[in-house]
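# Structure assessment
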Amino acid sequence: MEIIINGPGELLVCFIDPQGKTMLQERLRVSGSDGVSARRPVNLSVETRKGHVELSPVLKSHGGTQHVTFDGQESNKFTMARCKEIGCSESVLRAVSDGRIEPLPTEPGHVPTRELPVRPQHGAVPPSSR
Amino acid sequence: MALVSKMLQFTIDQQLSQDVATIGPLFGEAFEFLNSGTVTVREIAVQRLGGIAGNNSAIPLTESNNGFAELRLFWSQGGNLQEADFLAPSHVPSPPFANGLAVILQVEDLGFTSAQANLNVARRLGVHAYFDEE
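### Focus: unusual backbone geometry
- For the bond from Ala88 of chain B to Pro89 of chain B, the omega torsion is -5°, close enough to zero to count as cis.
- The topology assignment puts Pro89 of chain B in the loop between strand 6 (80-87) and strand 7 (100-109).

Laid out in structure tokens, this is it:
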């Protein structure tokens, strides 16, 4: 499958198995002019110790001005068709349409903003060490 | 045409569940159409963070420190499409190419198959290029 991205920004795609578990996820960030585009081909299956697993892509988030397609189709249309194709249950389909798919734990990427970062005060204790 | 400096940047942040034993190669590209001006590529760079490790495996997996990145520049000469490829890293200006049509910035990294162990995969691969069009 090909993910085509039109416009700068960041998107998060989770690839779920028929039980709705995220097996693979990718955060893709494109920067450049407003006319920039990107292409990312992805294999919709993985091998586990238990065997071959088919996957369906779920677009979790994307930049406000970005347009994202999966194999030339609108992402949500492709996702629902692919979920049915790999045998997702009704509850998984509902979770997909409600945006309740859990991504893998990861640090979010940094996207350029229009705000100055707030610098920690000198001598402040980092939150992680309290 | 006035000189216009442009940037093209693409980052892939990939993470896999620990149940996975095989991962495919990583490939992505960002592209932009040009305005038929004279193009000079000023810089190409690639960065990589993280990687792949075997879970419950005594044998660590190692690979190169960087991904592979190249900029493909397309231009027209006498009505014929021409292509020049530039490899990262490069921090000196390229020769100028007239009638620039498009640039494609590609990045790739290796895939892995583990017969013995599940794989822990968390890798971030970023590539950028600066170029001028005049």
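That covers the picture; the talk isn't over yet.
### Section: the pairing of strand 3 (residues 22-31) of chain A
- By the criterion of burial, strand 3 of chain A is predominantly enclosed, with 9 of the 10 residues buried.
- Between strand 2 (residues 9-16) of chain A and strand 3 of chain A, which pair antiparallel one after the other, the connecting turn spans 5 residues, and Gly20 of chain A there sits at a positive phi close to 85°.
- Summarising the sheet, strand 3 of chain A and strand 1 (residues 4-16) of chain B pair through 8 bridges and their orientation is antiparallel. Residue pairing in the sheet places Arg29 of chain A in a bridge with Thr11 of chain B of strand 1 of chain B.

### Things to note about the sheet that holds strand 3 (residues 26-33) of chain B
- Taken together, the 8 strands give an open sheet; going across it, the order is 9(A)-8(A)-1(A)-4(A)-3(B)-7(B)-5(B)-6(B), and neighbouring strands pair in antiparallel fashion. On the outer flanks of this sheet lie strand 9 (73-74) of chain A together with strand 6 of chain B, each paired with one strand and no other.

### Quick look at the interface of chain B and chain A
- Listed as interface residues are 25 residues of chain B and, on the opposing side, 27 residues of chain A.
- Of all elements in the fold, only strand 1, strand 2 (20-23) and strand 3 of chain B reach the threshold of two or more residues within the side of chain B that touches chain A.
- The dominant element in the side of chain B that touches chain A, judged by the number of residues it contributes, is strand 1 of chain B, at 11 residues.
- A class-by-class count of the residues in the side of chain B that touches chain A yields 11 nonpolar, 9 polar and 5 charged.

### Looking at the sheet that holds strand 5 (residues 45-48) of chain A
- The 4 strands lie next to each other as 6(A)-5(A)-2(B)-8(B), forming an open sheet whose pairing is antiparallel. Strands with a single pairing partner mark the edges of an open sheet, and in this sheet they are strand 6 (51-54) of chain A together with strand 8 (112-113) of chain B.

### Describing helix 1 (residues 75-86) of chain A
Residues and elements named next belong to chain A.
- For helix 1, built from 12 residues, the straight-helix expectation of 16 Å at 1.5 Å per residue is met to within 8% by its first-to-last C-alpha distance of 16 Å.
- Among the residues of helix 1, those classed as buried are Ser75, Phe78, Thr79, Arg82 and Cys83. All buried residues of helix 1 project into a common sector of 130° when viewed along the axis, lining one side. Facing away from the buried surface of helix 1 by more than 90 degrees, the exposed residues are Lys77, Lys84 and Glu85.
- On its buried face, helix 1 sits against strand 7 (56-61), strand 8 (67-70), strand 9 and helix 2 (90-97).
- In the segment just after helix 1, Gly87 is the residue with positive phi, at about 90°.

### Some remarks on the nonpolar core
- In this structure, Met23 of chain A together with Ala30, Val103 and Leu105 of chain B are the most contacted members of the largest nonpolar core, which totals 57 residues.
- Ranked by the residues each element gives to this core, the list is headed by strand 9 (residues 118-133) of chain B, at 6 residues.
- Beyond its immediate stretch of four places on either side in the chain, Leu105 of chain B contacts Leu8, Phe10, Glu29, Ala30, Leu71, Val127 and Ala129 of chain B.

Thresholds applied
Residues numbered from 1 in each chain as written. Chains lettered and ligands numbered in written order. Predicted model: local features only at pLDDT ≥ 70, side-chain atom pairs only at ≥ 80, totals over all residues. Helix = DSSP H or I, 4+ residues; strand = E, 2+ residues; numbered from the N terminus. Buried ≥ 20, exposed ≤ 12 C-beta atoms within 10 Å, placed from the backbone. Pairing = 2+ DSSP bridges. Contact = placed C-beta atoms within 7 Å. Nonpolar A, V, L, I, M, F, W, Y, C, P; charged D, E, K, R; others polar. Expected span 1.5 Å × (residues − 1). Arc of directions from axis to C-beta. Core = buried A, V, L, I, M, F, W, Y, C linked by C-beta atoms within 7 Å.

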